[in-house]
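Structural description and commentary
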Amino acid sequence: MSIVDPRTGEPLTADTSAPQEAQSQPAQAEAGEAPKVIIDVDASNIQQVLELSMQVPVLLDCWAPWCGPCKNLMPVLEKLAREYQGAFLLAKLNIDENQEIAAQLGVRSVPDVKLVSQGGLVDHFQGALPEKEIREWLGRYFPAPEDVPASPEDQAAEALAAGDAATARAIYQELSQQYPDHTPYQVELARTLVAEGRGEEARSVLDNLPPEERDAAPARGVRASIEFGEEAPSAEELAALGERDDSEAQYLRALRRVADGDYEPGLEGLLALMKADRAYGDDAARKTLLRVFDALGADHPLTVSYRRKLFAMLY
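None of these values were measured; they are calculated from a predicted model.

Helix-helix packing is characterised by the crossing angle of the two axes and by the distance between the axes. Between helix 14 (residues 284-296) and helix 15 (residues 301-314), the shortest axis-to-axis distance is 10 Å and the interhelical angle comes to 155°. It follows from the interaxial angle that helix 14 and helix 15 lie roughly antiparallel. Crossing of helix 14 over helix 15 shows left-handed handedness. In this structure, helix 14 contributes Arg286, Leu289, Leu290, Phe293 and Leu296 to the contact, and helix 15 contributes Leu302, Thr303, Tyr306, Arg307, Leu310 and Leu314. Here the contact of helix 14 with helix 15 is composed, by residue class, of 8 nonpolar, 1 polar and 2 charged.

This is the structure:
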């Protein structure tokens, strides 16, 4: 039995001639043991694994010993295979030791992960995707297992929300080292550094991004956060304003709130200033509102809400 790519109709593997009764049952366990969900694949059992895909989907991880990203990806796939408790079988193929099989599968670079079901290729991805993205990919085909532990990204978000920027930074430092080509992790690392008041370090992280990522909206937003911290008045300067309620004092108070992450009162103050004195600072209130939207991101609820208010005021 050969495996066929349903998109092209071309076979992905050739049949093997080894008799089935001489091959082991990779997904069956001894009596009393939990089913095996992770196996190694080679010429002795590849045909049986493909036949097994008629009963249970097979996630085929094509890897190589010299491949750094493969070493990062494999533990994640193994962890997920155990979490899914037999929803799919994780089959690991060392392409160096099985070059003919790799060629038949059309593997050109590793890691290359193929989802095989009913003897056919359903989908695949290449590269060491982060765990969160792999979970999303698996979610297209399998219901999520119960009691899934929080992803590292979720743990970092919870830490930031609790005011523990150091823990969030440590998580993104580890993720950035594990996935050096995944620039969103580096942007988030910079964001946690800003939350710790380490703006120069955050700027250095952003400066080392590829040019196209350096100028993209997420990085621009973090840069805006750094600038707010640099531009906002200190506590002493804020206290020196006393009871002043002129446009400059209103602007500085709003800017301090934004720099402190107290976004909604800051946005409200900027909107009020724009309504009362549009000309202040060469339209500084409106320009700063747009920078805050950049810092929060286009999908943030406050961005959506205050863009609507800004639009209503302008038009």
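Having seen it, we continue.
Along strand 3 (residues 89-94), 6 of the 6 residues are buried, which leaves the element largely enclosed by surrounding structure. With burial as the criterion, each face of strand 3 is covered, one bearing Leu89, Ala91 and Leu93 and the other bearing Leu90, Lys92 and Asn94. Pairing analysis gives 4 bridges linking strand 1 (residues 38-41) to strand 3, with the strands arranged parallel. Across the sheet, the residue bridging to isoleucine 39 is alanine 91, located in strand 3. Bridge analysis of strand 2 (residues 58-63) against strand 3 gives 6 bridges, and the strand direction is parallel. Each residue of the ladder has a partner; that of leucine 60, found in strand 3, is alanine 91.

What follows covers a nonpolar patch on the surface. A cluster of nonpolar side chains, namely Phe311, Leu314 and Tyr315, defines an oily patch on the protein surface of about 380 Å² accessible area. Mapped onto the secondary structure, phenylalanine 311 falls in helix 15. A relative accessible area of 54% places phenylalanine 311 in the exposed class.

Moving on to the packing of aromatic side chains. Summed over the entire model, instances satisfying the criterion amount to 9 aromatic pairs. With a centroid separation of 5.8 Å and an interplanar angle of 70°, the aromatic rings of tryptophan 137 and tyrosine 141 are classed as edge-to-face. With relative accessibility at 4%, the residue tryptophan 137 sits in the buried group. With a centroid separation of 6.0 Å and 50° between ring planes, the pair formed by tyrosine 179 and tyrosine 185 is classed as tilted. We note that tyrosine 179, like tyrosine 185, is buried. By way of ring pairs, the aromatic residues Tyr84, Phe88 and Phe142 are connected into one cluster. Above the plane of the ring of tyrosine 306 lies lysine 309, whose end atom (NZ or CZ) is 4.3 Å from the centre.

Here the structure, examined in full by the defined rule, presents 23 salt bridges. Note that lysine 79 and glutamate 131 form a salt bridge whose closest N and O atoms lie 3.1 Å from each other. In this pair, lysine 79 is assigned in helix 2 (residues 68-84) and glutamate 131 in helix 4 (residues 131-138), connecting sequence segments 52 residues apart. Taking relative accessible area as the criterion, lysine 79 reaches 32% and is therefore assigned partly exposed. As a salt-bridge pair, arginine 286 and aspartate 283 come within 2.5 Å of each other at their nearest N and O atoms. Taking relative accessible area as the criterion, arginine 286 reaches 23% and is therefore assigned partly exposed. In the salt-bridge network here, residues are joined through shared partners; they are Lys79, Glu83, Glu131 and Arg135.

This part covers the environment of arginine 82. Topologically, arginine 82 is positioned in helix 2. Considering only alpha carbons, one finds arginine 82 and lysine 36, 46 residues apart in sequence, at a separation of 9.1 Å. With near-sequence residues (within four places) excluded, arginine 82 lies in contact with Val37 and Ile38.

Rules behind the numbers
Residues numbered from 1 in each chain as written. Predicted model: local features only at pLDDT ≥ 70, side-chain atom pairs only at ≥ 80, totals over all residues. Heavy atoms only, no water. Axes fitted to C-alpha atoms, helices over the stretch in contact; angles between N-to-C directions. Helix = DSSP H or I, 4+ residues; strand = E, 2+ residues; numbered from the N terminus. Parallel < 35°, antiparallel > 145°, perpendicular 65-115°, else oblique. Left-handed = near helix turned anticlockwise from the far one by under 90°. Contact = heavy atoms within 4.5 Å. Nonpolar A, V, L, I, M, F, W, Y, C, P; charged D, E, K, R; others polar. Buried < 20%, exposed > 50% of the residue type's maximum accessible area, 1.4 Å probe, protein only. Pairing = 2+ DSSP bridges. Patch = residues over 30% accessible without salt bridge, like charges linked within 9 Å, V, L, I, M, F, W, Y side chains within 5 Å. Areas by Shrake-Rupley, 256 points an atom, 1.4 Å probe, with all protein chains shown as cover. Salt bridge = Lys/Arg side-chain N within 4 Å of Asp/Glu carboxyl O. Phe/Tyr/Trp six-rings, centres within 6.5 Å; stacked < 30°, edge-to-face > 60°. Lys NZ or Arg CZ within 6 Å of the ring centre and 35° of its normal.

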